[in-house]
Amino acid sequence: MTTPVHDPAATTVPPPRSRRALVAGSVGNFIEWYEFGVYGYFATIIAANFFTPEGGSDVEALVKTYASFALAFFFRPVGAAVFGRVGDRIGRRPTLILVVLLMTGATTLIGLLPTYATLGVAAPWLLTLLRIVQGLSAGGEFGGAVSIMTEFAPPGKRGLYGSWQSFTVALGLLGGAAMAALLATVLTESQLNGWGWRLPFLLTLPMGLAALWLRLKLEETPSFERIRNERPEPGSDSGAAVDRASAREVAKAIALGVGRLMGWSAAGYTFLVVMPSYLQSSLNATFQQALVATVLANLGFAASIIPAGALSDRIGRRAVMVAGALLVAVLAFPLLNLLQDPAASTTARGLGVFAAGAVVGLMAGPGPAMLAEMFPTRVRCTGLGLAYSLSNAVFSGCAGLIITESIKRTGNIDIPAYYVVATCAVSALALFTLRGDDYRRALRD
């Protein structure tokens, strides 16, 4: 894409406004990924409550649960396109307000939803409908939040500011895991399966109201205000020519962005969300053991994200993200073999999953800034939101379904490693096409 760069000084904003944008953008991401994490951690319980009519197998129910999980991801691109258009035409602020309202409402309703035993066949359909609403709102969340964070970022700190999006993903997943672990500790198994699983979803309501309050106080970015005043009239010949050229360039950038992100998407969800169900269904781990492993992986993920984002401001996005993709590909099979080895110590397994999360963080830290730098301001919400949501729809949303169904059909418990290696290898190739100096250049109008 060839839009000229603009004067970096034009985007300089006072530190208080930058920090407010960082907090307002981060809080919605936390809620979104807290909920998606909770759904993944409680997948086996949700399967029993919503997808296991009398006579159905546990594996079949888990596959259906992950199908619902995947369906929500496939509505993310729709949300990215719809809300991205709002963000690029009307503003980042109204977009972020709307998506947090939708996410909060849908998640709270999941916590109130009657189960299959009470409502019959309507229960899984209603659950799936609410997951679709969540997918739509999540699709709009990423584009708006990353645009706000990177457009308000001080010069030379886009990688650091953008990394907070990924960091709050880790915090959300950790928050969900912590809540799941707490409930598994203080409640009996029957209480957890009966009503305890609802509590993490209901907790979203007060969190969502807090996020709404923060976003109502948010201002528009200087970048958006500037291009809104310079945009051609929608019906003019010049405006139509710009739209046609922009559409072609954006489509190419989105496809490239999907390739650059697919390893992050696949490895992130395999190691950070799908792992609990994999450990329980394939390695006979208890629910508590699976949660401990997931918490350690997410701690490793959280620990490396912000340093990786800051490092990418010094040496470039390409170097850090390629290193992450290659390390994940190299470590995938040794990690899985370690978890499968009955003679491996608990400490060794813990260090292994911590390291797995940390190398995924090398891709996730610089990733948001890398995407923001691929698109000009006038289409940034839509472009980066679609690239991210399409990658997540295919390679994250389908991770649980692909892994569970493949293991069921083949009996090969190494499937997660094959999946991660293949996607990270493609990502590494796509990431090599990054310009070495993109991180030094101002965001484009």
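Residues numbered from 1 in each chain as written. Predicted model: local features only at pLDDT ≥ 70, side-chain atom pairs only at ≥ 80, totals over all residues. Heavy atoms only, no water.

Caption draft 1: Quick look at the pattern of salt bridges. One pass over the structure, following the stated rule, counts 13 salt bridges. Residue Arg158 is joined to Glu373 by a salt bridge in which the shortest nitrogen-to-oxygen separation is 3.0 Å. Of this pair, Arg158 sits in helix α8 (residues 158-186) while Glu373 sits in the loop between α17 (367-372) and α18 (380-395), and the two are 215 residues apart along the sequence. With relative accessibility at 11%, the residue Arg158 sits in the buried group. For Glu373, a relative accessible area of 11% corresponds to the buried category. Residue Asp313 is joined to Arg317 by a salt bridge in which the shortest nitrogen-to-oxygen separation is 2.8 Å. The residues Asp313 and Arg317 share a single accessibility class, namely buried. Through salt bridges with shared partners, a single network forms among Asp88, Arg92, Glu151 and Arg380. (Salt bridge = Lys/Arg side-chain N within 4 Å of Asp/Glu carboxyl O. Helix = DSSP H or I, 4+ residues; strand = E, 2+ residues; numbered from the N terminus. Buried < 20%, exposed > 50% of the residue type's maximum accessible area, 1.4 Å probe, protein only.)

Caption draft 2: Structural view of the packing of helix α4 (residues 76-89) against helix α7 (residues 122-152). Across the interface, α4 lies against α7 with an axial gap of 6 Å and an inter-helix angle of 50 degrees. By the criterion of interaxial angle, the relationship of α4 to α7 is oblique. The chirality of how α4 crosses α7 is right-handed. Of α7, the residues touching α4 (which contributes Arg76, Val78, Gly79, Ala80 and Phe83) are Gly135, Leu136, Ser137, Ala138, Gly139 and Gly140. Of the residues in the contact of α4 with α7, the class split is five nonpolar, five polar and one charged. (Axes fitted to C-alpha atoms, helices over the stretch in contact; angles between N-to-C directions. Parallel < 35°, antiparallel > 145°, perpendicular 65-115°, else oblique. Left-handed = near helix turned anticlockwise from the far one by under 90°. Contact = heavy atoms within 4.5 Å. Nonpolar A, V, L, I, M, F, W, Y, C, P; charged D, E, K, R; others polar.)

Caption draft 3: Spotlight on helix α20 (residues 415-431). Taking 1.5 Å per residue as the helical rise, α20 with its 17 residues ought to reach 24 Å, and the 24 Å between its terminal C-alpha atoms agrees with that figure. Every buried residue of α20 is listed here: Ile415, Pro416, Ala417, Tyr419, Val420, Thr423, Cys424, Ser427, Ala428, Ala430 and Leu431. (Expected span 1.5 Å × (residues − 1).)

Caption draft 4: Layout of the packing of aromatic side chains. The full count for this structure, using the stated rule, is eight aromatic pairs. Look at Phe30 and Tyr34: their rings are 6.2 Å apart centre to centre, the planes differ by 15 degrees, and that puts the pair in the stacked class. With a gap of four residues between them, Phe30 and Tyr34 both fall in helix α1 (residues 15-41), about one helical turn apart. Taking 5.7 Å as the distance between ring centres and 85 degrees as the angle between the ring planes, the aromatic pair formed by Phe50 and Trp197 counts as edge-to-face. Linking Phe50 in helix α2 (residues 43-50) with Trp197 in the loop between α9 (189-194) and α10 (199-202), this pair joins segments that are 147 residues apart in sequence. Exposure remark for Phe50: the relative accessible area of 1% places this residue in the buried category. In this structure Trp197 comes out as buried when scored by relative accessible area, which is 1%. Put simply, the rings of Phe50, Trp197 and Phe201 touch in pairs and so form one group of aromatic residues. (Phe/Tyr/Trp six-rings, centres within 6.5 Å; stacked < 30°, edge-to-face > 60°.)

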